[in-house]
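Read off the chains here:
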Amino acid sequence: MRLFVSVDVPDELTDAVADLQNEFADADGLNLTDPSQAHLTLKFLGDVEADRLPDLRRELAGAVVDADIGPFTARFEGLGVFPSLEYISVVWLGVEDGSEELTRLHETVEERTTAMGFEPESHEFTPHVTLARMEHASGKERVQGLVREHNPVVGETTVESIHLTESTLTEDGPVYTTVERFSFSNE
């Protein structure tokens, strides 16, 4: 199973994500992600053997406890790119409110999963939702202009859980399925 740990963008924000992506429609070389599958990745795990799932579930439940947070508001706002405006591979939607809690969740998930033998992240965590991937640089100037000049507010949601998500690669792109949901405690 190809797995990652995520916070899902709720269905009620799908149209707003799609509207934002439409602003990039004329940027040649950009492949937009499916707005109905928008999510924020806390940790990419890669291919995981099914017999590791019980331990992984236990560690993710422990990571939520370790994070010691209750439900919180995440506001999706602003644009950015990886790795830089000069060399764009990913265009993303940022997180304004809620980024501290998301970073804390990432840290506890990272700690628990690397202790299990999963590869540690090789870059600093930036809470984001991937909007598009740049295949070639024909539309780079359009993307640069939007990122520099546009500060969209897509909306906000209450984050109450993290998800262990399976990614199945198909001819039409990846399909994401929730394997398990880990809710926060309000206590």
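The residue numbering used here restarts from 1 in each chain and proceeds along that chain's sequence as written. In keeping with the model being predicted, local features are shown solely for residues with a pLDDT of at least 70 and side-chain atom pairs are shown and tallied solely at 80 or more, while totals for entire chains, interfaces and linings include all residues. Heavy atoms from the whole structure form the basis of all side-chain values; hydrogens and water molecules are not counted.

## Considerations on the overall build of the protein
- Helical segments are the DSSP runs of H or I of at least four residues, strand segments are the runs of E of at least two, and each set is numbered from the N terminus. Of the regular secondary structure elements, the protein holds four helices and nine strands.
- Going from N to C terminus, the protein has its helices and strands arranged as β-α-β-β-α-β-β-α-β-α-β-β-β.
- Overall size of the protein, expressed as C-alpha extent along the three principal axes, is 45 × 35 × 30 Å.
- Looking at the protein as a whole, 46% of its 187 residues are labelled buried.
- Should any heavy atoms of two residues lie within 4.5 Å, those residues are counted as being in contact. Looking at the protein alone, contacts between residues at least 24 apart form 77% of all its contacts between residues at least 6 apart. Partly exposed residues are those whose accessible area sits between 20% and 50% of the maximum for their type, while under 20% is buried and over 50% is exposed, using a 1.4 Å probe and protein chains only.

## Quick look at the sheet that holds strand 5 (residues 88–95)
- The antiparallel open sheet is built from five strands, whose spatial order is 2-6-5-4-7. Because the sheet does not close on itself, it has two edges, and the strands there are strand 2 (30–32) and strand 7 (153–159). Taking the axes of each pair of neighbouring strands and ignoring which way they run, one obtains an average angle of 35° across the sheet.
- One ladder, built from three bridges, connects strand 2 with strand 6 (residues 128–134); its direction is antiparallel. Looking at strand 6, one finds that Leu 30 is bridged to Met 134.
- The angle between two axes is taken between their N-to-C directions and runs from 0 to 180 degrees, where each axis is a line fitted to C-alpha atoms and a helix contributes only its stretch in contact. Relative to the sheet, helix 4 (residues 140–149) contacts strand 2, strand 4 (72–83), strand 5 and strand 6, its axis offset from that of strand 4 by approximately 140°. Each pair of strands is called paired provided DSSP finds at least two bridges between the two strands.

## Observations concerning helix 3 (residues 99–115)
- The first and last C-alpha atoms of helix 3 sit 24 Å apart over 17 residues, in line with the 24 Å expected at 1.5 Å per residue.
- Along helix 3, the residues classified as buried are Leu 102, Leu 105, His 106, Thr 108, Val 109, Glu 110 and Thr 113.
- Tucked into the core, helix 3 has its buried residues touching strand 1 (2–8), strand 3 (39–47), helix 2 (53–67), strand 4, strand 5 and strand 8 (161–170).
- Where helix 3 ends, the next residue or the one after it, Gly 117, has phi of about 105°, a positive value. Expected helix span is given by 1.5 Å per residue-to-residue step, counting one fewer step than there are residues.

## Here's the deal with the UniProt feature "active site" (unreviewed entry) in the protein
- UniProt positions are given in the numbering used here, feature names are shortened, and annotations may be inferred rather than shown by experiment. Under the local residue numbering, the UniProt record ascribes the feature "active site" (unreviewed entry) to His 39 and His 128. Across 90 residues, the annotated set stays spatially compact, with a maximum C-alpha separation of 8.3 Å. Taking the annotated residues in turn, His 39 and His 128 line the largest pocket.
- Among the secondary structure elements, His 39 is positioned in strand 3.
- When neighbours within four sequence positions are excluded, His 39 is seen to be in contact with Phe 4, Ser 6, Val 7, Asp 8, Val 9, His 128, Val 129, Thr 130 and Tyr 176.
- N or O atoms closer than or at 3.5 Å make up a polar contact, with two conditions inside protein: a donor-capable atom paired with an acceptor-capable one, and, for residues adjacent in sequence, both atoms drawn from side chains. Reaching out from His 39, the side chain makes a polar contact with the backbone oxygen of Gln 37 at a distance of 3.0 Å.
- Within the secondary structure, His 128 sits in strand 6.
- For His 128, a relative accessible area of 17% translates into the label buried.
- The residues contacting His 128, other than those within four sequence positions of it, are His 39, Leu 40, Thr 41, Phe 82, Trp 92, Leu 93 and Val 95. Only protein atoms enter the 1 Å grid used here, on which a cavity is any set of points holding a 1.4 Å probe that cannot leave and a pocket is any open set flanked by protein within 12 Å on both sides along at least five of seven lines; residues with an atom within 4 Å of a point are listed as lining.

## A short note on the environment of His 136
- If you trace the backbone, His 136 turns up in the loop between strand 6 and helix 4.
- When its relative accessible area of 39% is taken as the criterion, His 136 is described as partly exposed.
- Each C-alpha atom, one on His 136 and one on Leu 169, is 22 Å from the other, the two residues being 33 residues apart in sequence.
- In this view, His 136 contacts Asp 28 and Gly 29; residues no more than four positions away in its chain are not counted.
- Among the polar contacts listed, one links the side chain of His 136 to the side chain of Ser 138, at a separation of 2.9 Å.

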